[in-house]
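Fold and geometry: a report
Listed here are the chains, written in short residue letters.
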Amino acid sequence: MRRRTHLEMPADFSGMDVCYVSRQLIGCCFSSGTMANEHSPLLVHGVYSMMGDAEDSRGGSAVTGQVSPESNPRKLNTFFGVMVPTILSMFSIVLFLRTGFVVGHAGLLHGLLMLFVAYFIISLTILSICAISTNGAVEGGGAYFMISRSLGPEFGGSIGLMFYLAKVCACGVYVLGLVEAILDVFGRDPGSAGSQGLRVLPQGYWYTVLYSSLVLLLCLVVCLVGAHIYAKASFIILLVVTMSLISIVISPLIVSPQRFNITHTYGNNHTVTVNPSYTGFNGTTLKNNLGPQYSLDYSTNTMMSFATVFAVMFTSCTGIMAGANMSGELKNPSEAIPKGTIIAVSYTFTVYLLLFLLLSSTCDRLLLINDYAVFQRVSVWPPFVTIGVYCASLSAAMCSMIGASRILHALALDQLFGLPLAPAAVTSSSGNPWVSVLYTWGLVQCTLFAGQLNVIAGIVTVFYLLAYAAVDLACLALEWASAPNFRPTFQFFSWHTCLLGIISCVVMMFVINPVYSSASIALLLLLLLFLHYRSPTSSWGYISQALIFHQVRKYLLMLDSRKDHVKFWRPQVLLMVANPRSSCQLICFVNQLKKGGLFVLGHVQIGDLDVLPADPVQPQYNFWLSLVDKLGVKAFVDLTLSPSVRQGTQHLLRITGLGGMKPNTLVLGFYDNCYPEDYFLQDPVFCKGDRGEGDNFGVDLPSLQAHFPPVRHAESPRALQPEEYVSIICDAIKMGKNVCLGRYFFQLPPESKGRGNDNVDTIDVWPTNLLSPGSASYADVSSLFLLQMACVLNMANRWRRARLRIFVCVASGSGDQGWLANEEQFRELLGMLRIRAAIKIVACDNVPCMFRGPNSEGQKVPEDFLCTMNGLLREHSSTAAVRFLYLPHPPSSSELSQQYLTQLDTLTRDLGPTLLIHGVTPVTCTEL
């Protein structure tokens, strides 16, 4: 009949043989490719760099191979790859179709305020973009790549998806703006029944959706061909747009003042006609256009305000990451992104400022409010401006679609959202992610049903502001974490600019639309929680870990052990584990006993570093931490290498923890001659499930099981002798540590079982030294520690409904009634300690009277006395879930170690889960 025990110390290990096996297992794990790059001199970006047989489409070749110059997709320089797409994205439809709208409703002063606020916000974000992009290699995915590699997969994936949705909505805005410009030239007048010259296209909601779908289909074809075609054509588009701008600037010098007749239809039958004028440069016109005059928007029939106009105007600032989104095609993204973005933003700001001043000085407010295409009306050659509008809008739409598809492709490559995005990782032979382009096309098509540009402008602005705030947050977190490897070559930023950028973005989000802002933040948090609990595989690093380290270090310095007070005492446990295969139930039980305190799993590896080629302990941490994850306990792991278990335990007792967080209690498994059983063969967590699936750190279930050696059997030698075991207890007491010995905890059902029945568990406490009943009072330090630990267990969630019973041994047949007074005093003590428990009086009359006095060291306790006390315990505590017993002080002489263990073995034989406790520190307080 095999029986189990929990602490067999490192007697289960066989010295060098186990060290060799451990090294072989670790070597096999690393050679499998799962964590190979963790030990390489330079870590490459991207989770797919970890997979030696996988093709990384960002790099264009397998990780293990070299990228040939012919297949290298990085061909774009700063001008073509960053400046051109950024300028075109920031001009887009706002430059030609909404500049007059902004000046007309907001006036010059409010318009300039909007312009400065918008560019102030994006300038702060640009500083963060430049800092992050110059801190290391930037791969495909642009802003998503930078955020995810800075903040980790949870923040990176959620914010990346939000940024993707922002690009999708922006593409819809640009397409609708292009259709609006087309209908302004070729659309029939609302009141006309037939065609008039070029105005042949019928108008209406469904016609707008149809035209938008055709334009989007054209963008899809171009994007399927590849980004390089667009990049080459974008320079020609920029030349056309520049020529259009030049014609707009010189038009006031050539075109004479004139009046126009403009008709708008509101609803079905309501028609309004206005007669605005173009005055040329005129001081009166400038004066009249200084202040705001928010009125009805003729396209949406809604009243405009500062927030709604700013939302439309800010869409011109959403292109600052167009160059960053092309990072996968840039020759040197770390240099091109900062330089190209800053130059492009400076150029666009100058153009917008010039056009604001130009319009407010030459056009009256009626013209600006009632005609989006005001530039065509007052141009020296209107068709040229029309061509510029078409080119800019089409270019911005294609740029957004390409950028969005690259973000989605990067998300799919990182496998953050699993199967739904898995097809988006597919690329063509040239590296074009055509499936992600199709995904993007489908979503943009859905946004086109809005029908009007101004309807979705607010959503686009809120999404982009949230993405910009995330970029600032990434840079702020890196700066606050003070990570030594955060050394960007771009130095013109600080945590002040990052924090100000975050605040500015969030404030403007809620100014524009509180509903959209709240919904977008809620969506972001849901995505964040989804990715957090899904725990995607990542080797990017977690900014949360850097920030936690930074803060914990400061708080540990503030945690002064000299200021400790008994009122705030809590267990801080070091549990020594030889082999977790036989100790998992005890590990889980101690996790319930810690009451928010420190819990450390300690393990001693027998060996001498002088004769070993490498430290065998360090590779084992991942396996022990994976074990902690499997068991679901909140514990640290501390391993050491030592010639003996006793020395190793001394090391751990001295050095485990930091500052005020150091163990005050040592827990050991009971030392007996039973042979343990393998817990790994009983718990479904360890013997079922997907055996091939590893955790985030390359430890799968077969590797975890193979790492820990089989439990001790009859042929296994025991390296730990009784003398050394008792010496460990003595050492802990000398060092001022409380000691607990756990026995029979293999009988305790797992946390997932045994707590759903109707029976109420009981916790039994025997606060008397049962080996010497008359030698100690119920109020000594060890007895009070025993009561405290029982109360701590009773506070744990799993044991909250358990009843606490305290047993008091008395000699009722002696005729002495003094025990009644002692019982009353004990009840008063429990009341002062705020301990709710039932007191049970146990008559000890049948205990042999030959041994009732104090037990001096070395005195052998009679066998019949021990058996009688054991029978007393089994009689009164047979139904208890767990028992707390008084652990007598161990003998100082090593010759008495076997006798001491034999007495404890006889006393606790066949009791069930039992914890023997010896306390040396005061833990109770009766004062406030």
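Fair warning: this is a prediction, and the values are worked out from it, not measured in the lab.

1. Quick notes on the overall build of the protein
Looking only at helices and strands, the protein features 27 helices and 16 strands. By residue count, 56% of the 928 residues in the protein fall in the buried class. Sequence separation of 24 or more characterises 81% of the internal contacts of the protein that already satisfy a separation of 6 or more.

2. Remarks on the pattern of salt bridges
All chains considered together, the criterion is met by nine salt bridges. D371 is paired through a salt bridge with R377; the nearest N and O atoms lie 2.0 Å apart. Among the residues examined, R377 registers a relative accessible area of 33% and is labelled partly exposed. Salt bridges sharing partners connect three or more residues here, namely D672, R743, D905 and R909.

3. A few points about unusual backbone geometry
One non-glycine residue, Q415, lies in the positive phi region at around 55°. Relative to the elements of secondary structure, Q415 occurs in the loop between α12 (382-413) and α13 (434-447).

4. Examining the packing of helix α4 (residues 153-186) against helix α5 (residues 205-225)
Between α4 and α5, the least distance of the axes is 9 Å, while the angle of their chain directions is 115°. In terms of crossing hand, the pair formed by α4 and α5 is right-handed. The residues of α5 that touch α4, namely those facing C171, V175, L176, L178, V179, I182 and L183, are T208, Y211, S212, V215 and L216.

5. Regarding helix α23 (residues 722-734)
Its 13 residues give α23 an end-to-end C-alpha distance of 18 Å, which sits within 8% of 18 Å, the value for a rise of 1.5 Å per residue. The buried fraction of α23 amounts to eleven of the 13 residues, a majority that puts the element mostly inside the structure. Taken as a whole, α23 has its buried residues at P722, E724, Y725, V726, S727, I728, I729, C730, D731, A732 and I733. Buried positions along α23 lie against α20 (645-655), β10 (665-669), β11 (738-743), α27 (897-907) and β16 (914-918).

6. Quick notes on the side chain of T906
Along the chain, T906 falls in helix α27. Since its relative accessible area comes to 3%, T906 is described here as buried. Apart from residues no more than four positions distant in its own chain, T906 is found in contact with E863, L866, C867 and N870.

7. Observations concerning the packing of α23 against α27
In the contact formed by α23 and α27, the axes pass within 8 Å of each other and the chain directions differ by 80°. Taken together, α23 and α27 sit at an angle that is classed as roughly perpendicular. Contacts from P722, E723, Y725 and V726 of α23 reach α27 at S897, Q898, Y900 and L901. Here the residues of the contact of α23 with α27 are counted per class, giving five nonpolar, two polar and one charged.

8. So, the pairing of β11
The buried count for β11 comes to six of six residues, which makes it a mostly enclosed element. Of the two faces of β11, the one carrying N738, C740 and G742 and the one carrying V739, L741 and R743 are both buried. Sheet topology places β11 next to β16; five bridges connect them, and they run antiparallel. Its bridge partner lying in β16, R743 is registered against T914.

9. Things to note about a nonpolar patch on the surface
Taken together, the side chains of M243, I246, V249, I250, L253, I254, F281, L354, V380 and W381 present a nonpolar region at the surface, about 960 Å² in accessible area. If one sorts the elements of the nonpolar patch by residue count, helix α6 (residues 227-254) sits on top with six residues. A residue is classified by how much of its surface remains accessible, and L354, at 43% relative accessible area, is partly exposed.

10. Considerations on the pairing of strand β8 (residues 599-606)
Remember that side chains alternate between the two faces of the sheet whenever the strand is regular. Burial of β8 is extensive: seven of the eight residues sit out of reach of the surface. Note: strand β7 (residues 573-576) against β8, four bridges, orientation parallel. Looking across to β8, one finds that V573 is bridged to F599. Viewed along the sheet, the connection from β7 through helix α18 (residues 584-593) into β8 turns out right-handed. Here β8 pairs with strand β9 (residues 636-642) via seven bridges, running parallel. Its bridge partner lying in β9, V600 is registered against F636. Regarding topology, helix α19 (residues 621-631) serves as the crossover connection from β8 to the parallel β9, and that connection is right-handed.

11. Let's talk about the sheet that holds β11
On the basis of which strands lie adjacent, the open sheet formed by ten strands has the order β9-β8-β7-β10-β11-β16-β15-β12-β13-β14 and mixed pairing. Across the chains shown, the open sheet's two edge strands, defined by having one partner strand only, are β9 and β14 (838-843). Ignoring which end each strand starts from, the neighbouring axes of this sheet average 25° apart.

12. Points about the packing of aromatic side chains
Applying the stated criterion to the full structure yields 30 aromatic pairs. Judged by centre distance (6.0 Å) and plane angle (70°), the ring pair of F91 and Y352 falls under edge-to-face. Of this pair, F91 sits in helix α2 (residues 78-133) while Y352 sits in helix α9 (residues 333-362), placing them 261 residues apart in sequence. Ring centres of W480 and W495 lie 5.9 Å apart, and the angle between their planes is 50°; on these two criteria the pair is classed as tilted. With W480 in helix α14 (residues 453-481) and W495 in helix α15 (residues 495-512), the pair connects residues that are 15 residues apart, well separated along the chain.

13. Section: the nonpolar core
The biggest cluster of nonpolar side chains holds 159 residues, and the ones touching the most others in it are L95, F96, Y119, I122, V241 and I320. Considering every element that reaches this core, the biggest residue donor is α2, with 28 residues. Not counting the four nearest positions on each side in its chain, I122 is found in contact with M90, F314, C317, I320, V345 and Y468. Residues L627, C740, A802 and L829 belong to the second largest nonpolar core, which totals 65 residues.

14. Looking at the confidence of the model for the protein
On average, residues of the protein score 80 in pLDDT, and 82% of them reach the 70 mark or higher. Across residues 1-71, confidence stays below pLDDT 50; counting only partners more than four residues off in sequence or on other chains, it has 147 contacts. This stretch, residues 752-759, has a pLDDT under 50; its non-local contacts, to residues over four places away or in other chains, come to seven contacts.

15. Describing the environment of A477
Turning to its location among the elements, A477 is positioned in helix α14. The buried category is assigned to A477, whose relative accessible area is 7%. A477 sits 69 residues away from A546 along the chain, and the two C-alpha atoms are 8.7 Å apart. Setting aside its immediate chain neighbours within four residues, A477 contacts L151, I543 and L547.

16. Quick notes on the environment of G172
Mapped onto the fold, G172 is located in helix α4. A relative accessible area of 0% places G172 in the buried class. Each C-alpha atom, one on G172 and one on A457, is 9.5 Å from the other, the two residues being 285 residues apart in sequence. When sequence neighbours within four positions are dropped, the list of residues in contact with G172 reads V444, T447, L448 and I456.

17. A word on the environment of Q203
Among the structural elements, Q203 can be located in the loop between α4 and α5. Q203 sits in the partly exposed class, given a relative accessible area of 39%. For the pair Q203 and R188, spaced 15 residues apart in the sequence, the C-alpha separation amounts to 6.5 Å.

Parameters and conventions
Residues numbered from 1 in each chain as written. Predicted model: local features only at pLDDT ≥ 70, side-chain atom pairs only at ≥ 80, totals over all residues. Heavy atoms only, no water. Helix = DSSP H or I, 4+ residues; strand = E, 2+ residues; numbered from the N terminus. Buried < 20%, exposed > 50% of the residue type's maximum accessible area, 1.4 Å probe, protein only. Contact = heavy atoms within 4.5 Å. Salt bridge = Lys/Arg side-chain N within 4 Å of Asp/Glu carboxyl O. Axes fitted to C-alpha atoms, helices over the stretch in contact; angles between N-to-C directions. Left-handed = near helix turned anticlockwise from the far one by under 90°. Expected span 1.5 Å × (residues − 1). Parallel < 35°, antiparallel > 145°, perpendicular 65-115°, else oblique. Nonpolar A, V, L, I, M, F, W, Y, C, P; charged D, E, K, R; others polar. Pairing = 2+ DSSP bridges. Patch = residues over 30% accessible without salt bridge, like charges linked within 9 Å, V, L, I, M, F, W, Y side chains within 5 Å. Areas by Shrake-Rupley, 256 points an atom, 1.4 Å probe, with all protein chains shown as cover. Right-handed = clockwise from strand over helix to strand, strands pointing away. Phe/Tyr/Trp six-rings, centres within 6.5 Å; stacked < 30°, edge-to-face > 60°. Core = buried A, V, L, I, M, F, W, Y, C linked by side-chain atoms within 4.5 Å. pLDDT = per-residue confidence, 0-100.

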